[in-house]
Structure formats: C-alpha cells, structure tokens
Amino acid sequence: MIKKKLRGESAFDWYCMAGLMAVELLMSFTSLGYIHIPPISITIVYLPILVAGCLLGPGQSVALGFVFGLTSMYKASASYVLPADAAFSPFLSGAPVNSLLLSVGTRLLFGLAIGAAFYAAKKSGRYRLWFGAISIFAPKVHSLIVYTAMGFLFPELGYRYSSALHWDMDDLIYSSVCVVTVEALWAMYHSELVQNIKFCIDQSIYDPYAPESLSWFFAAFEFFILGTAVFVVDYFSQRESYMLERHGILVSETIAADLVNLQVQFLIASLALNALSVILLISTYKYMAYKKYRGEMDELTGVMGRRMFLYHCEKAQKAAGADSTQVGWFLFVDADYFKEVNDSLGHPAGDQVLKAIAANLQTVFGGDGAVGRLGGDEFAVILEKPLLPEELSRKLERFLAAVGKTLADRTISCSIGAYQFVYPQKVSHLLEETDRILYQAKEKGRACYVMRACQEA
C-alpha cells in the first residue's frame, strides 16, 4: 500500500521549491531577471523569494535568499563590474567578510523577513490583503536592507539607508509585478486543479509498477548532464580565447578568467533549465502513476484489485531471491452465503459486508502484508512477515469476531484457507494450494479457517 511520507512532508511542495530555485538561477544568470522598459530597467531577480515565502514558508524563502546571495556574489566577482558591484565580491572588495555579509547575509535577512511576514499574514482574517501589502513593500525592504548594510560595511561608496526611501516609476512597476505574480500564483496553487495534482503526486511516493532503478536512472542522467556541461564550458572558453587571439586581441589571464566566469553563468542557467524539465517530467510521471494506481484499486473496498494484488505477490517472490528461506502465508477469504445477504437484505447491505471484510483485513493484517479483492466476495492476503501458526490463529480469530458484528440483524461469517510457504513460489501455485485449503474450510461447515503449515518452516 501507499507508504506515508516522513513527517508529513509534501513531495509536490518539494518539487515547487526545486523549481523556484531553478527559476532563481535562470533569472540571476539571464535577462529573464530584468524588465527593460526604456529608459528604465527593473530587476525582478528576487521575485521567487516572495513566491516561496507566500506559498511554502519562511524556511524556503530563506533558502532562496541564500541562492540569490550566492549568485550575486559570483556575478560580482568578474573584473569588469562597477566598484559598487565589486563590494559584493569577497575576491575584489578587499574585505571578504564584509562582502559575504553584504551579498549573502542581506539576502538571507530579506528572505527571513519576507517569510515571517507572509507567515504572520496567513494567520490574519484578511490575509489576501496583507499579501498585497507585503508584495508592494518587498522591493523597498530589500533595498533598505542592502543599502543600510552597504552604509555600515562600505561607507566609502556613499550609500545609506536613505538611498532606498525614494519612489520612482520603476519602483511602482516592480511593486505591481510583485503583487500580480504573488496573488496569481497563490490563487493558482490553491485552485482545485492544482490541489488535485498535488494530492496525486504526494500519494504516489510508492508506485507498485515503477522499476526500482528509476530513481537511479534520473540521478545518472543528471550526473551525465552535469559532466557534459563542464566539458562544454571548458571547450567554449578555450575557443573564445583562441578566436579573440586570431582577431588580434591579446587574451590576458584576467580576460580568460572573465570568459570562464561568463561560461559558468551560462552553464548554471542551462542546468537550471534542465532541472526544470526534469522536475516537470518526474511530476508528470508521478501524477500519471498515481492515476494508474487508483485505477487498479478496488473502487468499493479501497484495497488492491486483482491485477495489482497478483503483481504485488509476484514482485514479492522475485525480491526474496532463489535461495531465500523466508516464510510467508497466503490467505483466501470468502464471505459465507453472500448471495443470500444480497437477496434478502439488498445490495447496500452486501456492499457494507464487503467493505467491512476489507477494512478488517487491513486492520488485522495490513501491517504484515498486502490485501486484495480478487472478485465478488473473495479476498486474498499475502503475509510477508513470518508468523507462527499460533500468532496467525489469534489474528484470524480476531478478524472473524470483528466481521461477525458487521450487520445488526445478522451474523456475518467467512471461510478462510491459510497456506504457509517458503519464498520464492509461483503465484499460480499459491493460488491453487490456498484454494484447496479454502474448500476444506467450507466442507467443515464454513465460519472457520483451515491452516496448512509447510514442513520446511
């Protein structure tokens, strides 16, 4: 059955976070992070921080602030940047600690402030109104934090907190972009369509049909892409130097370093774009896998359908290995005189009986194996954990007692055949042997169980 996620974490939200990190890198190292409306150019690089704080939480907005700080520090390390930008680089400023505080520390503080503000807003009655206010003032909060830090850490540059207090046309445009983006993504995230996709992805952590090597395939693919991209950067950096020298331009060590810097930016942007593609691919796969999984579940009882249950049994046999000494049990469970229940009390009562059998099988045996409905009133259970016959007997008594109380005016009983086997066994053999034992229980008068323990156990 579906495995629960650790600590209730959402896989969908993890994918959203990874996607936002990729977008942050793309915006930082491409023109996507800027809106150019002559004669002004507006930066929107830290917009993903707002989205993370609004949709996910303070921790995620702080993490994106850290990514933003690292990217700004790296871009500021090129030799051609302006003196004010060089202050963000520990390699060019002459004050490495101050530069780290300015480039990374201020963005961490901004992410924390934004995340905390959205967190507090969600607890208010008019949170959407507060979302808009936070989005409007977020650009100025960022500027205020950065300029104040520059005033303390690099006073010679002439920047003070007051440098962030004026409002220009670009500030109004960017604030509008922030409000529209945050409000639109909040509405989209909480729409019925996206919430349904989120539910499917979160529930598809375990896919019984997925090859076990699929995760390794994606990891190997990403490692291959990363390795190839590194070779591409090295190749183009060398070719650029060669091309410039052929045109009579002497490529000094400084120019060569700047060329590598630009190529690395291109590399990171390409990898971020590739990561977005992989995230979309994995999300789509998990969504479709869960839809397929739900299609294989028995709609009435909620346990595995016949095809999925038999597939699970085959997979368990293969996983044990040819030399296994592991011992398991295979059970057949039939509702006694089920047709009479339907004919005398109606199909709703029959459905209630089937649901009760499935629910009690899950309660009693779900922690030891898997439960499936093979069809009609017939259920099967494979117990993958070794149980002594005495232990199984107690569980079967408990199950029969619970099922008997399903209907108020009629006692419900089941006939059960239990076959103990040593892994691995052909599933067809398990079905045949357990079916014989089940008929022995019926011949004894029903409302009972018959167990056969293998000699190897």
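Here's what I pulled together on the structure shown here. All figures in this text were calculated on a predicted structure; none of them were measured in a lab. (Residues numbered from 1 in each chain as written. Predicted model: local features only at pLDDT ≥ 70, side-chain atom pairs only at ≥ 80, totals over all residues. Heavy atoms only, no water.)

### A look at the pattern of salt bridges
Point 1. The tally for this structure, following the rule as stated, stands at 10 salt bridges.
Point 2. Note that aspartate 13 is salt-bridged to lysine 198, the shortest N-O span being 3.6 Å. Placement of the pair is aspartate 13 in helix 1 (residues 11-29) and lysine 198 in helix 8 (residues 192-203), with a sequence separation of 185 residues.
Point 3. Judged by its relative accessible area of 16%, lysine 198 is buried.
Point 4. Between lysine 339 and aspartate 343 there is a salt bridge, with its nearest N and O atoms 2.8 Å apart. With a gap of four residues between them, lysine 339 and aspartate 343 both fall in helix 12 (residues 338-345), about one helical turn apart. Aspartate 343 shares its class with lysine 339; the two are exposed.
Point 5. Taken together, the shared-partner salt bridges in this structure form one network comprising Glu433, Arg436 and Arg452. (Salt bridge = Lys/Arg side-chain N within 4 Å of Asp/Glu carboxyl O. Helix = DSSP H or I, 4+ residues; strand = E, 2+ residues; numbered from the N terminus. Buried < 20%, exposed > 50% of the residue type's maximum accessible area, 1.4 Å probe, protein only.)

### Some details on helix 6 (residues 127-153)
Point 1. The first and last C-alpha atoms of helix 6 sit 36 Å apart over 27 residues, in line with the 39 Å expected at 1.5 Å per residue.
Point 2. Where helix 6 bends most, the angle comes to about 40°, and this point is alanine 138, followed within four residues by the proline proline 139. (Expected span 1.5 Å × (residues − 1). Bend = angle between axes of the 7 residues up to and from the residue.)

### Some thoughts on the nonpolar core
Point 1. In terms of nonpolar packing, the biggest core is built from 37 residues, with Leu50, Cys54, Leu55, Phe110, Ile114 and Phe118 touching the most fellow members.
Point 2. Only helix 1, helix 2 (47-55), helix 3 (58-75), helix 5 (96-122), helix 6, helix 7 (169-189), helix 8 and helix 10 (253-296) provide two or more residues apiece to this core.
Point 3. The biggest single contributor to this core is helix 2, with seven residues.
Point 4. Those residues in contact with phenylalanine 118 that sit more than four places away from it in its chain are Leu50, Gly53, Cys54, Phe131, Ile134, Ser135 and Val182.
Point 5. With 30 residues, the next largest nonpolar core counts Val333, Leu387, Leu400 and Cys414 among its residues. (Core = buried A, V, L, I, M, F, W, Y, C linked by side-chain atoms within 4.5 Å. Contact = heavy atoms within 4.5 Å.)

### Brief notes about the packing of aromatic side chains
Point 1. Inspection of the entire model under this criterion finds 14 aromatic pairs.
Point 2. On the basis of an interplanar angle of 65° and a centroid distance of 5.4 Å, the ring pair of phenylalanine 118 and phenylalanine 131 is categorised as edge-to-face. Highlighted residues: phenylalanine 118 in helix 5 and phenylalanine 131 in helix 6, separated in sequence by 13 residues.
Point 3. Classification of phenylalanine 118 by relative accessible area gives buried; the value is 0%.
Point 4. Counting every residue linked through ring pairs, the aromatic cluster contains Tyr46, Phe68, Phe110 and Tyr174.
Point 5. We note lysine 442 situated over the ring of tyrosine 439; from NZ or CZ to the ring centre the distance is 4.9 Å.
Point 6. Over the ring of tyrosine 337 we find arginine 446; its NZ or CZ atom is 5.0 Å from the centre of that ring. (Phe/Tyr/Trp six-rings, centres within 6.5 Å; stacked < 30°, edge-to-face > 60°. Lys NZ or Arg CZ within 6 Å of the ring centre and 35° of its normal.)

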